[in-house]
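Close look at the chain arrangement
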Amino acid sequence: MWDVETLVRIAEGLGRFSARFVPSAFAIAVLLSLLTMGLAMGWADAPPARVLESWGGGFWELLTFSMQMAVVMFTGYLLALTGPVRALLVRLAGLARSPGGAVVLMASVSMGLAYINWGLSLVASAMLVRFVVRRQPDVDYRLLVACAYFGLGATWHAGLSASAPLLVATPGHFLEKQLGVIPIDRTLFSPFNVGLTVGVVLVLTVLAWAMHPKPERTVRVDPAILEQLQDFVPPQRPREKSPAVWLDFSPLLNLVFGALGLLWFGRHLWVNGGWKAINLNVVNFLFLTLAVLLHATPARLLKASEEAASVLHGIVLQFPLYAGIYGIFKATGLTERIGQLFVSLSTPGSFPAIVYLYSGVVNYFVPSGGSKWAIEAPYLLEAARTLGVEPEKVVLAYAWGDMATDLIQPFWALPLLAVARLEFKDILGFLLLTFFVYLPLVTLAFFLWG
């Protein structure tokens, strides 16, 4: 049986390997693009001209989604710079009484919030890092940031913002004629999904505590990074008096905007079925409304927005590259080839586990759950029908696989890394060890369920 120190040494060894051989997140995106092009031409027999066209044309396939991601990070950062939210984060960070407690707190918050809403987890976990590390400067900073990423790889697609399960539960979805409507009590709220989610959260929380190095081996936060994580300082009101200064430093406009925003939000929920009407656009609207209200004045809001914009460079630069990869998968038949390979290896009992592994492989290249489901669902569900496998098992297997490889994929970590001032290779050692524990656990669960 491995002891705690063995786990730490493995994580540190993986960390040294990643620091030496794993390039930047941008370089990974370019290499994945080249690999996808090679697979499309060599395996899917797609002509080079078609591959090139689908890659370049696909750059803007996810433009709306990229902007949504930029806005959720921007507005979430704005919220974290407000006084009330800062006080809440400070109080929450104060629950950690030791370095080990800090990583347990971070892992629990990340996975718990991701179960509620992945966007909320992405933002709140990134912002909580800055408050926890200031309360517990002796925590291993790499592990703390890695734990803040747990929710995106372990719970979000099993929770209340899960793309595929919510889509097939919506009347009028694109597969309704073939599949019908599958209510969430057969997917998200099924005993299997609830039990597996609880089990994964417990295992990864314990693992986070076990991976924390001893004090002499701990890598603490760089003082230069800690300096960059200091409190937001509001602008000073100018001495001159003018209508423009009065408007910029008066709460009037923020109050009016906030009141209108909250009125729209409440009406939207009332008219469209309560919390079921919450999606990424609604979350962004609410975050922006609350940020405007809690910053109180236009001047304070504008200065906070300058700092919030500093974390968006990774999204703007790299999301189009993954959209290009998505375009290749969508236009060249590569997804079908991969799916056919996995289906050919399946039996009725092993099919859910095979779908889980297959979904994880494709997700590493195209980390976009909702868009990818539209491409893969028709032939996966047809294969399930042929094998006699219930469709809800396919939906859940796809959902769990879709988030599994997020743990070792930098796509979703870009906003977190921008806030934490780290590179993906800095946290990859701990994430790899987590992945090596998490993957066989969930694979076994789907084999047994199948």
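Up top is the structure.
Reading guide: rules and limits
- Residues numbered from 1 in each chain as written.
- Predicted model: local features only at pLDDT ≥ 70, side-chain atom pairs only at ≥ 80, totals over all residues.
- Heavy atoms only, no water.
- Helix = DSSP H or I, 4+ residues; strand = E, 2+ residues; numbered from the N terminus.
- Buried < 20%, exposed > 50% of the residue type's maximum accessible area, 1.4 Å probe, protein only.
- Polar contact = N/O pair within 3.5 Å; in protein donor to acceptor, adjacent residues only side chain to side chain.
- Contact = heavy atoms within 4.5 Å.
- Core = buried A, V, L, I, M, F, W, Y, C linked by side-chain atoms within 4.5 Å.
- Axes fitted to C-alpha atoms, helices over the stretch in contact; angles between N-to-C directions.
- Left-handed = near helix turned anticlockwise from the far one by under 90°.
- Nonpolar A, V, L, I, M, F, W, Y, C, P; charged D, E, K, R; others polar.
- Arc of directions from axis to C-beta.
- Salt bridge = Lys/Arg side-chain N within 4 Å of Asp/Glu carboxyl O.
- Phe/Tyr/Trp six-rings, centres within 6.5 Å; stacked < 30°, edge-to-face > 60°.
- Patch = residues over 30% accessible without salt bridge, like charges linked within 9 Å, V, L, I, M, F, W, Y side chains within 5 Å.
- Areas by Shrake-Rupley, 256 points an atom, 1.4 Å probe, with all protein chains shown as cover.
- Parallel < 35°, antiparallel > 145°, perpendicular 65-115°, else oblique.

Turning to the side chain of Gln409, a few remarks are in order. Among the secondary structure elements, Gln409 is positioned in the loop between α22 (391-404) and α23 (414-420). Given a relative accessible area of 0%, Gln409 falls into the buried group. Within the structure, the side chain of Gln409 is placed 2.8 Å from the backbone oxygen of Tyr364, a separation counted as a polar contact. The contact partners of Gln409, leaving out residues within four places of it in the chain, are Leu32, Tyr149, Tyr322, Tyr364, Pro367 and Phe424.

Here we come to the nonpolar core. Ranked by size, the top nonpolar core spans 142 residues in total, and within it Tyr141, Leu144, Phe150, Trp400, Tyr438 and Phe446 carry the most contacts. It is helix α24 (residues 424-449) that contributes the most residues to this core, twelve residues altogether.

Before going further, it helps to spend a moment on the packing of helix α2 (residues 25-42) against helix α3 (residues 48-58). Running from N to C, α2 and α3 point in directions that differ by 140°, and their axes come no closer than 9 Å. As for the relative orientation of α2 and α3, their crossing is right-handed in sense. Residues Ser33, Met37, Ala40 and Met41 of α2 form the contact with α3, whose participating residues are Pro48, Val51 and Trp55. Residue classes in the contact of α2 with α3 are distributed as six nonpolar, one polar and no charged.

For α3, the complete set of buried residues consists of Val51, Ser54 and Gly58. The buried residues of α3 all sit within an arc of 70° when viewed along its axis, so they share a single face. Of the residues in α3, the exposed ones pointing more than 90 degrees away from the buried face are Pro48, Ala49, Leu52 and Glu53.

For the coordinates displayed, the defined rule picks out six salt bridges. Note that Arg220 and Asp138 form a salt bridge whose closest N and O atoms lie 3.0 Å from each other. You can see Arg220 sitting in the loop between α12 (191-211) and α13 (223-228) and its partner Asp138 sitting in the loop between α7 (118-135) and α8 (141-147), a full 82 residues away along the chain. By relative accessible area, which is 37% here, Arg220 ends up partly exposed. A salt bridge links Arg142 to Asp140, with the shortest nitrogen-to-oxygen separation between them at 2.7 Å. Residues Arg142 and Asp140 agree in their burial class; the two are buried.

To continue, consider the side chain of Ser54. With respect to the helices and strands, Ser54 occurs in helix α3. The class of Ser54 is buried, set by a relative accessible area of 10%. A distance of 2.9 Å separates a polar side-chain atom of Ser54 from the backbone oxygen of Val51. Setting aside residues up to four positions removed in sequence, Ser54 forms contacts with Gly324, Gly327, Ile328, Ala331 and Thr332.

Let us now look at the packing of aromatic side chains. Where two aromatic rings form a pair, the distance of their centres and the angle of their planes describe that pair. Across all of its chains, the model carries 14 aromatic pairs by this definition. Plain terms: the ring middles of Phe192 and Trp449 are 4.0 Å apart, the flat faces sit at 5° to each other, and that makes the pair stacked. With Phe192 in helix α12 and Trp449 in helix α24, the pair connects residues that are 257 residues apart, well separated along the chain. Classification of Phe192 as buried rests on a relative accessible area of 17%. Judged by relative accessible area, which is 22%, Trp449 ranks as partly exposed.

Residues Trp246, Leu247, Leu252, Leu253, Val256, Leu260 and Leu263 make up a contiguous nonpolar surface patch of roughly 680 Å² in combined accessible area. The set of elements that each furnish at least two residues to the nonpolar patch consists of α14 (243-248) and α15 (252-271). With five residues, α15 is the single largest residue contributor to the nonpolar patch. As for its placement among the helices and strands, Leu247 is situated in helix α14.

Attention now moves to the packing of helix α4 (residues 63-80) against helix α17 (residues 298-308). Two elements in contact, α4 and α17, have axes whose closest approach is 9 Å; the angle formed by their N-to-C orientations is 125°. When the interaxial angle is binned, α4 and α17 end up oblique. Crossing of α4 over α17 shows right-handed handedness. Every residue of α17 that contacts α4 at Phe74, Tyr77 and Leu78 is listed here: Leu301, Ala304, Ser305, Glu307 and Ala308.

Let us look at the environment of Pro48. Of note, Pro48 is situated in helix α3. When the C-alpha atoms of Pro48 and Tyr141 are compared, they prove to be 45 Å apart, with 93 residues separating the residues in sequence.

For Asp45, which is not a glycine, the phi torsion comes out positive at approximately 55°. In this structure, Asp45 sits in the loop between α2 and α3. With a phi close to 75°, Ala296 is a non-glycine residue in the positive phi region. In this fold, Ala296 is placed in the loop between α16 (280-295) and α17.

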